[in-house]
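Understanding the architecture of this molecule
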Amino acid sequence: MIRIHQVLATLGYGDAIGHEVLAIQRVLRAAGYESEIFIETADERLESMTRDYRELVDFSRPDNLLLHHFSLGSRASRTAFALPDRMALIYHNITPVEYFVGVHRTLARQCFRGRRELQAYADRCDLALGDSEFNRHDLEALGFPRTAVLPVVPDFSHLNRASNRFVADQFDDEWTNILFVGRVVANKKIEDLIRFFHAYHTTFNPRSRLLIVGAFSMFERYFAALNHLTEALDLSHVHFVGQVSDDELVAYYEVADLFLCASEHEGFCVPLIEAFYKQIPVLAYAATAVPSTMDGAGVLYDDKDPRHVAALMHAMVSDCALQGAIVQAQTAAVGRLQGKDFAGTLLGFIDQILTAPRAREPKVAFDFWHQFDAAQELEELRMYRPSIYKALP
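Predicted model only: the values in this text are computed from it and were never measured. (Residues numbered from 1 in each chain as written. Predicted model: local features only at pLDDT ≥ 70, side-chain atom pairs only at ≥ 80, totals over all residues. Heavy atoms only, no water.)

**Observations regarding the pairing of strand E5 (residues 86–91)**
Each regular strand displays side chains that alternate between the two surfaces of the sheet. A large share of E5 lies buried, amounting to 6 of its 6 residues. Taken together, the 6 bridges between strand E4 (residues 65–70) and E5 define a ladder with parallel strand orientation. Residue pairing in the sheet places His69 in a bridge with Ile90 of E5. Of the crossover connections in this fold, the one passing from E4 over helix H3 (residues 75–82) to the parallel E5 is right-handed. (Buried < 20%, exposed > 50% of the residue type's maximum accessible area, 1.4 Å probe, protein only. Helix = DSSP H or I, 4+ residues; strand = E, 2+ residues; numbered from the N terminus. Pairing = 2+ DSSP bridges. Right-handed = clockwise from strand over helix to strand, strands pointing away.)

Below is the structure:
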């Protein structure tokens, strides 16, 4: 019997990749496949649903299929690469390293190495799937010969619950609530959100607040810089909420008057669709995958002048007829997304992989990845430090 397993570095609770991994497992098991999830680390709430990636060696069979979720290079990735199983890559994009230089040195190094390592899989995979057309184009540019799109169809069940009463009582008042949901990391350009809000707050609506919902742990240097910016702008109504539970997230969506996004790099951006689903007008920067994710709904901007964005915010918040038209278009976009046959598309790709000639099995020596790293480091020296390269034996 063919078994189809998933492998990834980290399974997070409540994030987009975590939801997709669990949805894929449900589809595979419903279709009769044995399917496990192999990880390096997992949120403690999900650990019981996973296996340690080192067990993958015992489960490996040449006729099995590994669905490898790639976002950063990892020990789990390198283990999966070396096994004889067929492989399909599911690519969630890697944030460009320049967003983390000077902010998080370790993550900058991981992003650089992850993107470099990704290229090694071009000949290893039977099929490489992006979860958006933007990601598929990225795979194509990296030399993957067989690419396609496995669409993200968000699971909204976590939003169909009663909201947290404490959050609702705290923020459900006569003030205007501007909301952003997502990790507090540099590519999300939280500093731009703060500048936009400052312009809106001081020019149009002093009875307004900015709610930033998302984890900021591990990014203390960036978080400190954001706090310094709010102090420099004398803003007392910017709230960094941190990571929240599902009922708290529901409450923040329900008290929001506008969802504002300034992110410059997204592979898909699920919170935009969650805001659509919760009927909150969305204003987002038109970068990377964001326009295709919004599918003609919401409002996009490409000018980051704070006065320009503040004027758009004011128009969307103050005009009820405009709000209604925006929300109606967003609801239609959610309907189109939910109408996509995720299970049928996934199983169709699996049939395509299993019936086609397979990619050649990897020939991996015991020191393959050490050799790979060394070769890449030499190439970097050749390109950027040629005198040192020429001096090497």
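**A closer look at the sheet that holds strand E13 (residues 299–301)**
Strand pairing within a sheet occurs via backbone hydrogen bonds; the two strands may be parallel or antiparallel. The strand order E10-E9-E8-E11-E12-E13 describes an open sheet built from 6 strands, whose pairing is parallel. In this open sheet, the two edge strands, each paired with only one partner strand, are strand E10 (238–242) and E13. Direction aside, the axes of adjacent strands within the sheet are offset by 25 degrees on average. As paired elements, strand E8 (residues 176–181) and strand E9 (residues 208–213) share 6 bridges and run parallel to each other. Among the inter-strand pairings, Leu179 is bridged to a residue of E9, identified as Leu211. (Axes fitted to C-alpha atoms, helices over the stretch in contact; angles between N-to-C directions.)

**Side note on the nonpolar core**
Formed by 98 residues in total, the largest nonpolar core has its most connected members in Phe144, Leu179, Ile190, Tyr253, Phe259, Leu272 and Met313. The element that contributes the greatest number of residues to this core is helix H7 (residues 190–203), accounting for 7 residues. Beyond its immediate stretch of four places on either side in the chain, Leu179 contacts Leu211, Val213, Tyr252, Tyr253, Ala256, Leu258, Phe259 and Leu260. In this structure, Ala23, Tyr33, Leu67 and Leu150 belong to the second largest nonpolar core, which totals 19 residues. (Core = buried A, V, L, I, M, F, W, Y, C linked by side-chain atoms within 4.5 Å. Contact = heavy atoms within 4.5 Å.)

**Quick word on unusual backbone geometry**
Residue Lys189 is not a glycine yet carries a positive backbone phi of 55 degrees. As for its placement among the helices and strands, Lys189 is situated in the loop between E8 and H7. Although it is not a glycine, Asp295 sits at a positive phi angle of roughly 55 degrees. With relative accessibility at 37%, the residue Asp295 sits in the partly exposed group.

**Quick word on the sheet that holds strand E3 (residues 51–52)**
Taken in spatial order, the 7 strands line up as E3-E2-E1-E4-E5-E6-E7 in an open sheet, and their pairing is parallel. Two strands lie at the open edges of the sheet, namely E3 and strand E7 (147–149), each paired on one side alone. Of the pairings in the sheet, the one linking strand E1 (residues 4–11) to strand E2 (residues 37–42) comprises 5 bridges and is parallel in character. Residue pairing for E2: Leu8 is matched across the bridge by Ile39.

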